[in-house]
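# Breakdown of the fold
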Amino acid sequence: MSIGLDAQTILAASVPLTVPLVFAGLGEYVAQRAGTFNLSVEGMMLSGAFFGAWGASASGSPLIGLLTGAAAAMVVALVHGNLSHRLQLNTYVVGLSLNVLVLGLTSYLLTSTTLTLPNVSGTRIPLLADIPVIGEPFFDQPWVVYLVPVVVFVIWWVRRTRVGLELRACGDEPIGSDLTGINVNARRRQALLWCGLCAGVGGVYLSVFQASSFTSGMTAGRGYIVIAAVIFGGWMLRGTIGACAVFGVAQGLQLALPAIGVSISPQLLAALPYLLAIVSLMVLGNRLHRPLALGQPFAPSR
Amino acid sequence: MSGITKSFNGVAACAGVDLAVAAGEVHGLLGQNGAGKSTLMNILMGLVRPDHGSIEIAGHERTIRGPQDARSLGVGMVHQHYSLIPTLPVWQNIALNGVGKLEREKMVAAIGETSERFGLQVDPMRRVGDLSVGEQQRVELVKCLIEKPRLLVLDEPTAVLTTSESRSLFTMLEELVGDGACSVILISHDLGEIRRAAQRATVMRGGRVVAQVHPAAVSAADLAKHMIGRDLPVADAAAAVGLEVEDRTSVPTGAGDLVSSAGEPALRISGAAVRAKDGKRHLDGLDLEVRPGEVLGVAGVEGNGQAWLAELLLGGLPLDDGTVHVAGRRIPVGRPGCTRAARVAVVPEDRRVSGCVLDMSVAENLGLASLEAMSRIGFVSRRRLRELAQRLVADFDVSLASLDQPMRSLSGGNQQKVVLAREMSTEPEVLVLAQPTRGLDVGAVAFLHERIRDAARSGVAVVLISTDLTEILQLSDRIAVMYRGRVQGELSRADADAEKLGLLMGGVHA
Amino acid sequence: MTDTKFSSAPSSGADAPQRPRSGAGGRGLDAAAGRWVGAVRTNSGPAAEQIVMFVLFLAFGIVAGLVLGALTGHSPGVIWSTLVQGSVGDATSIAFTLTAAAPLLLVAAGTVICMRAGQFNIGQEGQVTLGAIGAGFVVFKVDAAPSLLIPLAFAAALAAGALWAALAALLKFSRGVDIVVTSLLLVFLAEQLLVALISGDGPLHDSGDGVLGAGTASQSPPVPDAAILGSMGMFGVEVPVGFVIAVVVAVLLAWFLRSSLSGYRLRILGQSPAVARTLGVRESRLGTWAVMASGALAGAAGAVVLLGQSFQIHGNFASSVGWNGLLVALAARLNIGVSILLALVFGAMTAGGGLLGGQGVPTDLVNVMTAAVVVSLLCPPVALAALRRRRQSRKVEAE
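Residues numbered from 1 in each chain as written. Chains lettered and ligands numbered in written order. Predicted model: local features only at pLDDT ≥ 70, side-chain atom pairs only at ≥ 80, totals over all residues.

This brings us to the overall build of chain C. The helix and strand inventory of chain C stands at 16 helices and two strands. Out of the 399 residues belonging to chain C, those deemed buried represent 56%. In chain C, 76% of the contacts between residues at least 6 apart in sequence involve partners at least 24 apart. (Helix = DSSP H or I, 4+ residues; strand = E, 2+ residues; numbered from the N terminus. Buried ≥ 20, exposed ≤ 12 C-beta atoms within 10 Å, placed from the backbone. Contact = placed C-beta atoms within 7 Å.)

Pasting the structure below:
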């Protein structure tokens with residue numbers, strides 16, 4: 001077997017596994033930069049996956065599925081935002097309970113609906129898809145995958161605008177931001193909604209575009225991997241994307257390695273994201289760009 | 001601003017305050033802590049809604065809903081707690097003020113222009129977190145000035161500055177108001193500063209305006225009197241104190257004897273220095289001595305190191321320099337509980353945070369300091385806890401429904417009685433009280449004062465840290481005034497009067 | 001003299017840079033969580049009001065589940081009666097309920113301990129897993145006398161859970177990494193560790209003893225008879241030993257928290273770190289102990305699940321006992337008594353859920369219901385606070 005072929009096998013296995021992580025990671029990155037340590041990203045992905053599948057099944061259109069899925073995930077974000085930023089309930093408690101709620105709800109609804117999902121084939125990008133090794137894995141994918149650069153661009157662009165600046169200000173120094181006249185909790189809710197949107201798209205990708213089905217609890221802890229990715233990425237955009245890619249490849253290797261005849265413990269690969277996140281926290285600690293007020297509720301006294 | 005009234009939970013922070021600032025003047029706003037200055041300015045900035053009253057800017061009545069509104073009306077404020085985001089570079093911080101697109105070149109150019117004009121050197125590209133406090137203040141100033149405000153509010157601007165930094169700040173302010181387009185409200189408790197910089201000054205006390213003066217025309221002493229109050233019961237205090245003296249001489253272990261005879265001070269702090277990371281000195285060569293049976297009053301305007309002194313005596317603050325001796329033995333400050341082990345009892349300033357545990361019962365709170373003494377093989381004896389609690393509640397006249405009710409449900413006065421009772425129950429050598437009667441009703445204050453006197457009479461060395469001069473004058477044998485982390489001067493009770501204290505507090509050598 | 005209220009006004013954080021860190025004023029995830037622990041114990045409204053609120057919101061959560069059932073075409077009446085029948089209908093059902101409640105209660109009791117000490121450990125799920133692994137090693141690998149098997153298994157489970165939790169505490173107190181984050185990440189490490197141990201050539205893998213077709217699934221061998229936690233007859237119900245252990249532990253812990261010197265210190269640490277400091281309590285030591293205790297109890301829950309409920313380790317053998325136990329403690333607002341009650345409610349739902357399938361109602365409905373109960377039980381403090389505010393403003397108006 002040639003090295004090129006091996007690389008292609010690994011990439012072909014990794015890219016589909018990376019895509020949902022990147023989507024959700026881009027959402028979680030924004031939420032955390034604005035100061036919310038958002039645990040409900042798992043629930044957001046899962047509700048995106050289910051309601052996306054439901055929408056696509058009911059309408060026969062993957063696009064409608066994408067919209068319903070993203071909307072459902074944003075509902076989770078809305079609930080989370082209102083409970084933790086308006087009613088000042090503890091954000092971890094809210095996040096964890098929402099995850100359990102969504103898991104139960106989607107599993108329950110799954111049994112009382114039958115989903116017939118339309119088949120989505122890859123959209124081949126001419127020329128690019130003919131590049132050896134990387135062509136097939138990157139440029140012969142369902143169209144939703146090509147939204148990744150769009151989302152990255154949006155974040156990159158927003159970061160240079162006033163809104164981006166205010167979001168970061170809320171994550172680093174809510175009291176100062178308040179004195180400057182920024183509505184801290186509103187900005188944080190908006191960041192959470194964005195996280196819902198992105199995580200929802202990631203979830204829809206899982207069910208509608210990749211698996212063409214929905215199974216109970218199908219996100220299987222990807223939300224938590226995403227949290228690990230944001231940490232391992234040092235709370236930076238590039239870092240987050242890179243970490244998602246590393247974690248996606250680690251998952252892809254679990255599938256690809258047996259095929260190319262190499263054996264590494266699959267559990268070790270599955271544990272890699274969490275190990276890396278813990279080690280990076282341990283070693284780098286203060287040098288990471290952790291938002292200074294991450295996880296701190298802000299109660300305006302007006 | 002006229003007729004501004006604001007109450008927090010029924011306590012009036014501002015009561016019918018009128019304030020008028022003319023164009024092109026530096027208007028001093030003078031008052032002790034809690035006089036209502038900050039609340040008034042927060043109302044002006046829209047951070048706090050007034051209960052009554054109106055704000056007129058350039059002849060039009062305005063409603064201000066937030067800092068954005070205030071800014072658009074040409075009002076800018078440099079807060080004591082800076083509104084800067086430490087992780088962002090200077091230019092982005094300043095840009096946060098505005099609206100619309102972010103344009104770095106334009107912003108940097110504007111910053112350059114403003115800092116040029118007012119001589120405020122700032123590097124727009126540096127991270128705010130890397131700047132010193134003085135530099136941060138310049139950034140904060142530029143952040144306001146770049147909007148070309150009509151009115152600039154400065155809240156205690158010199159509290160964190162070095163002398164030369166303060167001087168250049170005032171030069172800048174003169175230039176700013178020079179062309180009459182901009183006015184400045186200068187909030188300060190520093191008399192010299194107000195006299196130097198302000199054309200007119202409003203003095204506030206207890207949420208009311210007590211005087212409008214031309215500071216240059218009145219003496220610092222007069223200003224001090226306004227600030228602390230003409231009705232300061234110096235005479236009363238002296239009388240109370242006089243009685244006290246008689247009382248004490250009649251008591252065998254009277255303070256007078258002890259102070260002169262005891263060789264060893266109960267508490268001696270020498271050369272205590274604590275520096276912050278940015279080089280600012282929280283405590284800067286502080287020397288204090290207290291003898292058994294003596295009440296040492298530590299006066300001073302808040303923020304001059306008293307809180308750090310209290311923290312030091314709570315045992316939670318390691319010293320960079322200097323020593324703390326209790327009854328002649330040096331104690332290793334900085335380890336939790338070390339001062340308590342040396343029998344220093346502290347009634348901390350923030351009783352709701354570090355004085356008591358609000359959600360534990362009254363009985364448990366009373367027992368906090370003597371849990372070990374009440375426990376056998378690792379279990380606290382409920383019976384002994386109750387006995388102790390009952391005794392202390394009776395001794396200190398704490399009014400409550402039940403020993404089991406949560407501490408939170410007690411009134412402030414009763415909470416403070418519980419804290420003092422608990423601390424006294426450990427039979428300390430040194431009793432430290434930080435702002436012990438702040439926010440309490442008259443009855444509780446009188447009771448607590450009596451108990452503090454009792455403690456001194458029984459031979460405890462008492463350190464009373466307070467910004468309430470009346471209290472200091474009523475209780476202390478000696479008064480030390482703190483200023484910028486040091487003892488600016490010490491007065492015996494006989495020498496102390498409002499004027500001398502006021503001058504010392506304002507950083508002037510009396 | 002009016003200053004106390006100023007400190008709650010926005011800019012009178014004003015002299016913050018000029019004063020020492022007094023109190024809980026730390027930054028970061030743990031500090032924020034710690035403040036919540038303080039706040040959660042604050043509700044000092046009349047007890048009757050609190051109980052009414054609790055029952056009301058508990059009922060609300062259950063009703064939400066029933067409504068969902070109705071919306072998807074199942075009769076709420078049938079669902080309710082099935083749940084009741086399956087949980088408390090007869091002696092067997094009650095035994096089922098108690099079996100399901102036991103590990104939840106153990107986890108919840110541990111959670112109460114560490115959170116009352118202000119340590120926001122949310123990794124119970126991983127600690128449960130480690131406990132099961134520890135117990136598994138003993139029952140599958142150690143050649144001990146049958147009578148010693150259960151005590152040894154529990155000892156191993158306690159140690160494994162405690163050490164796993166200690167990792168998170170160690171990282172917090174040596175490297176300043178928030179315990180919320182590390183304990184969460186450790187959950188998933190534990191999960192992979194478990195899978196590695198029971199799959200393929202892992203030491204706990206069931207090789208099937210040569211039986212045809214066996215040994216392919218990732219699972220452990222069944223627990224030997226000598227290690228199975230039995231039950232004891234009480235009031236005509238076969239009460240599982242695991243439940244008895246759990247209740248005894250919970251009651252002892254409640255007593256420990258209330259009366260022992262360490263319990264006092266622990267509560268002081270959680271509710272007011274500032275006061276704890278002045279009393280000479282060292283957070284790094286007491287906090288670590290509290291986290292390890294919670295890990296040990298979660299580990300014990302793992303052993304109870306393995307030896308009394310699943311009798312085998314497989315992929316999802318503990319079915320989120322760790323998460324649910326954590327939620328029980330949080331929804332009970334860190335009160336052990338309420339935790340016992342809620343663990344029973346959760347156990348009843350699990351037991352009742354088993355029967356729902358027979359009525360054509362998907363079992364997952366009970367998961368929705370428990371989650372709805374948890375979410376809705378978060379609300380009473382908010383509701384009570386709102387109630388109090390309204391009452392106060394009415395009083396002001398009346399004046």
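Continuing now.
Our focus in this paragraph is the overall build of chain A. Of the regular secondary structure elements, chain A holds 12 helices and two strands. Mapped from its N terminus to its C terminus, chain A presents α and β elements in the order α-α-α-α-β-α-β-α-α-α-α-α-α-α. A compact globule built from 302 residues would reach a C-alpha radius of gyration of about 19 Å, and chain A, at 19 Å, matches this within 12%. Overall size of chain A, expressed as C-alpha extent along the three principal axes, is 65 × 45 × 35 Å. Taken across its 302 residues, chain A has 60% of its residues classed as buried. Intrachain contacts of chain A at a sequence separation of at least 6 include 78% that bridge at least 24 residues. (Rg over C-alpha atoms; globule rule 2.2 N^0.38 Å.)

It is worth spelling out the interface of chain A and chain B at this point. On the chain B side, the residues contacting the 17 residues of chain A number 20 residues. For the side of chain A that touches chain B, the element with the most residues is helix H7 (residues 162-172) of chain A, which contributes six residues.

This part is about the nonpolar core. Judged by nonpolar contacts, the single largest core of 384 residues is most densely connected at Val432 and Val462 of chain B together with Leu105 and Ala153 of chain C. Residues in contact with Val462 of chain B, not counting those within four places in the same chain, are Val295, Leu296, Leu431, Leu433, Ile452, Ala455 and Ala456 of chain B. (Core = buried A, V, L, I, M, F, W, Y, C linked by C-beta atoms within 7 Å.)

Turning next to the environment of Ile231 of chain A. Of note, Ile231 of chain A is situated in helix H10 (residues 222-232). Overall, Ile231 of chain A belongs to the buried group, with 29 C-beta atoms counted inside 10 Å. Separated by 202 residues in the primary sequence, Ile231 of chain A and Tyr29 of chain A place their C-alpha atoms 9.0 Å from one another. With near-sequence residues (within four places) excluded, Ile231 of chain A lies in contact with Ala277, Ser280 and Leu281 of chain A together with Val181 of chain C.

Residue and element names in this part refer to chain B. With mixed pairing, the six strands of this open sheet are ordered in space as E6-E7-E8-E3-E9-E10. The open sheet has two edge strands, strand E6 (75-78) and strand E10 (208-213), and neither has a second partner. Sheet twist, expressed as the average angle between the axes of neighbouring strands with direction ignored, equals 20°. Pairing between strand E3 (residues 26-31) and strand E8 (residues 183-188): five bridges, direction parallel. (Pairing = 2+ DSSP bridges. Axes fitted to C-alpha atoms, helices over the stretch in contact; angles between N-to-C directions.)

All names here are of chain C. The pairing of strand E1 (residues 231-234) with strand E2 (residues 237-240) spans four bridges and is antiparallel. Of the residues in E2, the one forming a bridge with Met232 is Val239. Counting the residues that bridge the hairpin from E1 to E2 gives two residues, and of these Phe235 lies at a positive phi of roughly 50°.

Residues and elements named next belong to chain B. Within the fold, Cys182 resides in the loop between helix H6 (163-178) and E8. Once the C-alpha coordinates of Cys182 and Arg150 are considered, the two residues, 32 residues apart in sequence, prove to be 4.5 Å apart. Setting aside its immediate chain neighbours within four residues, Cys182 contacts Pro149, Arg150, Leu152, Leu176 and Val177.

Further remarks concern the packing of helix H7 (residues 146-175) of chain C against helix H12 (residues 283-310) of chain C. Residue and element names in this part refer to chain C. One can describe the packing of H7 onto H12 by two numbers: an axis separation of 6 Å at closest approach and a directional angle of 140°. Between H7 and H12, the interaxial angle falls into the category oblique. Helix-helix and strand crossings are classified by hand; for H7 and H12 the assignment is right-handed. (Parallel < 35°, antiparallel > 145°, perpendicular 65-115°, else oblique. Left-handed = near helix turned anticlockwise from the far one by under 90°.)

With that out of the way, let us pick up the sheet that holds strand E22 (residues 486-492) of chain B. Residue and element names in this part refer to chain B. The six strands are arranged E16-E19-E20-E13-E21-E22 in an open sheet whose pairing can be described as mixed. This sheet does not close on itself; its edge strands, each paired only once, are strand E16 (344-347) and E22. When strand polarity is set aside, the average angle formed by the axes of neighbouring strands in this sheet is 20°. Note that strand E19 (residues 430-434) and strand E20 (residues 461-465) share five bridges and pair parallel. For Val430, the partnering residue across the bridge sits in E20 and is Ala461.

Moving on, we get to the confidence of the model for chain A. Here chain A averages 85 in pLDDT, and 96% of its residues register 70 or above. Taken element by element, chain A is modelled with least confidence in helix H5 (residues 135-139) of chain A, mean pLDDT 73, and with most confidence in helix H2 (residues 41-59) of chain A, mean pLDDT 92. (pLDDT = per-residue confidence, 0-100.)

Attention shifts here to the confidence of the model for chain C. Residue and element names in this part refer to chain C. Summarising the model, chain C shows a mean pLDDT of 80, and 84% of its residues fall at 70 or more. Under a pLDDT of 50 for its full length, residues 1-26 has, in the predicted model, 78 contacts with residues more than four places off or in other chains. Both scores are available for the predicted complex, with the pTM at 0.82 and the ipTM at 0.84.

Here we take up helix H4 (residues 91-111) of chain A. Taking 1.5 Å as the rise per residue, H4 of chain A with 21 residues should run 30 Å; its terminal C-alpha atoms sit 30 Å apart, in good agreement. In terms of burial, H4 of chain A is a largely internal element, 19 of the 21 residues being buried. (Expected span 1.5 Å × (residues − 1).)

A separate point is the environment of Ala217 of chain B. Residue and element names in this part refer to chain B. With respect to the helices, strands and loops of the structure, Ala217 is situated in the loop between E10 and helix H8 (220-228). Since 8 C-beta atoms lie within 10 Å of it, Ala217 is described here as exposed. Along the backbone, Ala217 and Ser402 are 185 residues apart, and their C-alpha atoms lie at a distance of 58 Å.

All names here are of chain B. Note that strand E9 (residues 200-205) and E10 share five bridges and pair antiparallel. Its bridge partner lying in E10, Met204 is registered against Val209. Where E9 hands over to E10, the hairpin turn is made up of two residues, of which Gly206 adopts a positive phi near 55°.

Let us now look at unusual backbone geometry. As a rule of thumb, non-glycine residues mostly have phi less than zero, and peptide bonds are mostly trans rather than cis. Residues and elements named next belong to chain A. The phi dihedral of Ser212 falls on the positive side, at around 55°, and the residue is not glycine. Here Ser212 lies in the loop between helix H9 (184-211) and H10. Look at Ala220: it is not a glycine, yet its phi comes out positive at around 45°. Along the chain, the position of Ala220 falls in the loop between H9 and H10. Accessibility expressed as a C-beta count within 10 Å gives 14 for Ala220, which makes it partly exposed.

For the pair helix H12 (residues 266-284) of chain A and helix H8 (residues 179-198) of chain C, interaxial distance at closest approach is 9 Å and the crossing angle is 155°. Comparing their axes, H8 of chain C and H12 of chain A come out roughly antiparallel. H8 of chain C is crossed by H12 of chain A, and the crossing has left-handed handedness. Of the residues in H8 of chain C, those touching H12 of chain A at Gln267, Ala270, Ala271, Tyr274, Leu275, Ala277, Ile278 and Leu281 of chain A are Val181, Thr182, Leu185, Phe188, Leu189, Gln192, Val195 and Ala196 of chain C.

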